[in-house]
Amino acid sequence: LEAGEDGPGTAVIVFGGAGLDRLREPLAQLTSAFCRSAVIGCSTAGEIMDDVLYDDGLAVAVCRFDSTQVTVVCEPIADADSSYAVGRSVADKLLAAQPDLSAVFVLSDGLSVNGSTLAAGISDRVGASIAVSGGLAADGSRFSQTWVLADGQPRSGYVAALGLAGDRLRTGHGSEGGWDVLGPERRVTRSEGNVLYELDGQPALALYKRYLGERAAELPASALLFPLSVRPSRGDEHAVLRTILGVDEGSQSMTFAGDVAQGSLVRLMRATFDRLIDGAQCAAQACAPEAGEATLALAVSCVGRRLVLGRRTEDELAATVAGLPDGSAVIGYYSYGEISPGGSGVCDFLNQTMTVTTFQEAS
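Below is a short write-up of the structure. One numbering rule holds for all chains: residues counted from 1, following each sequence as written. Totals for whole chains, interfaces and linings use every residue, but because this is a predicted model, local features are given only for residues with pLDDT of at least 70 and side-chain atom pairs only at 80 or more, for both listing and counting. Heavy atoms throughout the structure, all of them, feed into the side-chain values; hydrogens and water do not.

What to know about the environment of Ala217
Okay, so step 1: Strands are runs of DSSP state E lasting at least 2 residues, helices are runs of H or I lasting at least 4, and numbering of each runs from the N terminus. Mapped onto the fold, Ala217 is located in the loop between α4 (204-212) and β16 (228-231).
Okay, so step 2: Buried, partly exposed and exposed residues are distinguished by accessible area as a fraction of the type maximum, computed with a 1.4 Å probe on protein chains only: under 20%, between the cut-offs, and over 50%, respectively. Given a relative accessible area of 74%, Ala217 falls into the exposed group.
Okay, so step 3: Remark: the alpha-carbon pair of Ala217 and Pro341, spanning 124 residues in sequence, is separated by 35 Å.

Observations concerning the sheet that holds strand β6 (residues 69-76)
Okay, so step 1: The rule for pairing is simple: two strands pair if DSSP sees at least two bridges between them. Read from one edge of the open sheet, 6 strands run β6-β11-β7-β8-β23-β24, paired in mixed fashion. This sheet does not close on itself; its edge strands, each paired only once, are β6 and β24 (347-350). The sheet shows a mean angle of 20 degrees between the axes of neighbouring strands, taken without regard to direction.
Okay, so step 2: As paired elements, strand β7 (residues 103-108) and strand β11 (residues 158-165) share 6 bridges and run antiparallel to each other. Opposite Phe105, over in β11, you have Leu162 as the bridge partner.
Okay, so step 3: Throughout, a residue-residue contact means that at least one pair of heavy atoms, one from each residue, lies within 4.5 Å. Inter-axis angles, ranging from 0 to 180 degrees, are taken between N-to-C directions of lines fitted to C-alpha atoms, where helices are fitted over the stretch in contact. Helix α2 (residues 83-97) rests against β6, β7 and β11 of the sheet, and its axis sits at about 150 degrees to β6.
Okay, so step 4: Sheet strands touched by helix α3 (residues 115-126): β7, β8 (131-136), β11, β23 (338-341) and β24. Its angle to β24, the strand with the most contacts, is close to 170 degrees.

Describing the nonpolar core
As a rule of thumb, nonpolar side chains are buried together in soluble globular proteins.
Okay, so step 1: Note on terminology: a nonpolar core comprises buried Ala, Val, Leu, Ile, Met, Phe, Trp, Tyr and Cys residues joined through side-chain atoms within 4.5 Å. Residues Val104, Val106, Val132 and Ile339 are the most contacted members of the largest nonpolar core, which totals 45 residues.
Okay, so step 2: If we skip the residues at most four places from it in the chain, Ile339 touches Val106, Leu118, Ala119, Val132, Ser133, Gly134, Gly135, Cys347, Asp348 and Phe349.
Okay, so step 3: Judged by nonpolar contacts, the second largest core, of 32 residues, contains Val188, Leu199, Leu212 and Met254.

Overview of the sheet that holds strand β3 (residues 47-49)
In any sheet, the strands associate via hydrogen bonds between backbone groups, in a parallel or an antiparallel arrangement.
Okay, so step 1: Here 6 strands make up an open sheet; going across it, the order is β4-β3-β22-β21-β25-β12 and the pairing mixed. Two strands lie at the open edges of the sheet, namely β4 (52-54) and β12 (169-176), each paired on one side alone. Geometrically, the sheet is characterised by an average inter-axis angle of 20 degrees between neighbouring strands, direction not taken into account.
Okay, so step 2: As judged from the 3 bridges shared by β3 and strand β22 (residues 329-335), these two strands associate in the antiparallel manner. In the strand pairing of β22, Met49 is matched with Ile331.
Okay, so step 3: Of the strands in this sheet, β12 and β25 (354-361) are in contact with helix α5 (residues 273-287), which crosses β12 at around 155 degrees.
Okay, so step 4: Those strands touched by helix α7 (residues 313-322) are β3, β4, β21 (296-302), β22 and β25, and its axis lies near 130 degrees from that of β4.

Observations regarding the pairing of β21
Okay, so step 1: Of all 7 residues that make up β21, 7 are buried, and the element is covered over most of its length.
Okay, so step 2: Burial of the side chains of β21 extends over both faces: Leu296, Leu298, Val300 and Cys302 are buried on one face and Ala297, Ala299 and Ser301 on the other.
Okay, so step 3: With 7 bridges connecting them, β21 and β22 associate as parallel partners. For Leu298, the partnering residue across the bridge sits in β22 and is Ile331.
Okay, so step 4: Of the pairings in the sheet, the one linking β21 to β25 comprises 6 bridges and is antiparallel in character. The residue of β25 that forms the bridge with Ser301 is Met354.

A short note on the pattern of salt bridges
Okay, so step 1: Whenever Lys or Arg places a side-chain nitrogen within 4 Å of a carboxyl oxygen from Asp or Glu, that contact is recorded as a salt bridge. This structure, assessed with the given rule, holds 17 salt bridges.
Okay, so step 2: Among the ionic pairs, Glu75 bridges to Lys93, the shortest N-O distance being 2.7 Å. One end of the pair, Glu75, is in strand β6; the other, Lys93, is in helix α2, and 18 residues separate them in sequence.
Okay, so step 3: We classify Lys93 as partly exposed; its relative accessible area is 35%.
Okay, so step 4: Here Lys209 makes a salt bridge to Glu249, at a shortest N to O gap of 2.7 Å. Of this pair, Lys209 sits in helix α4 while Glu249 sits in the loop between β18 (244-248) and β19 (253-256); the two residues are 40 residues apart in sequence, bridging distant segments of the chain.
Okay, so step 5: Given the relative accessible area of 24%, Lys209 is considered partly exposed.
Okay, so step 6: Within the structure, one salt-bridge network assembled from shared partners comprises Arg170, Glu290 and Glu293.

Some words on α2
Okay, so step 1: One fewer than the residue count of a helix, multiplied by 1.5 Å, yields its expected span. Relative to the 21 Å expected for 15 residues at 1.5 Å per residue, α2 spans 21 Å between its end C-alpha atoms, a close match to the ideal helical length.
Okay, so step 2: Of the positions making up α2, those classed as buried are Ser83, Val86, Gly87, Val90, Ala91 and Leu94. Buried positions in α2, seen along its axis, are confined to an arc of 135 degrees and lie on one side of it.
Okay, so step 3: Of the surrounding elements, those touching the buried residues of α2 are β6, β7, α3 and β11. Each direction from the helix axis to a C-beta atom contributes to the arc, which is the arc of those directions.

Shown next, in the form of structure tokens:
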């Protein structure tokens, strides 16, 4: 640690494995070394450093800004029903600390949250002009326990957000999927928030299992390979992907990481390697950072993409790096859900995408 690196202009971003037995001590050393900096991080389903994938380690980026202010706030989240209120509270804390807030990077517990309403709560407070991105913490494909750094400690059941403010700050964002259609489009005839009960009047879980065949026995993990595309109506072409977090055999329902509104149209999706990899490069290119400026790129991709790509996962990372200017520093992780501005610029909760956020400080 060089003199001057720890201080109010430094943001430290860390991603690590879900198992804390080996990581608790190095995390404590890191937060102690950067006790005056804004430190944020979460557990993963794989850590990204440039174009290399790691498991059960720590990936750390230290970003020192000249004039941009950085702040971290956190808030406990008890359950998915409180997601919207927690999002608003996190945003209010950031705005109180930084009235001229420019960008937000948020990390949430990956299991006790509704990503859609969390993102909506933040967006409703900060407004559409402020870019909000981030993702949900992960626990590999186990869906057992995730953690987020809160007040310097790795804790379950928390949301943390990094706020950035400054006239010289430039942010970019991009998100792409690359999934293909499998099967006919169906209407959601019964749902409550992020719990889906019926499609075309039929029990949703039973219908979904028919498509999965032998893979139905591996639920919910196998659902990462077959997300649902959701769009509000036939006249609305804007669709988002949703991943299953859990199933209930008794009610024949499926719980998703984000809302699946009643009356919306859904369709099962599947992926091909080349489409996913091309999507990652397009996400990076959409950020459009200026060449020649120091660039920090935060890449958040879905664990479902990793399960599909298998040994070709690092091809996705190489494509992401190739879409950015030479010399960009890339760090990220595989998640249970991604948060990024959509095509309209408004923050949205996504699944099964590669999302990239870039930060630059103009010279």
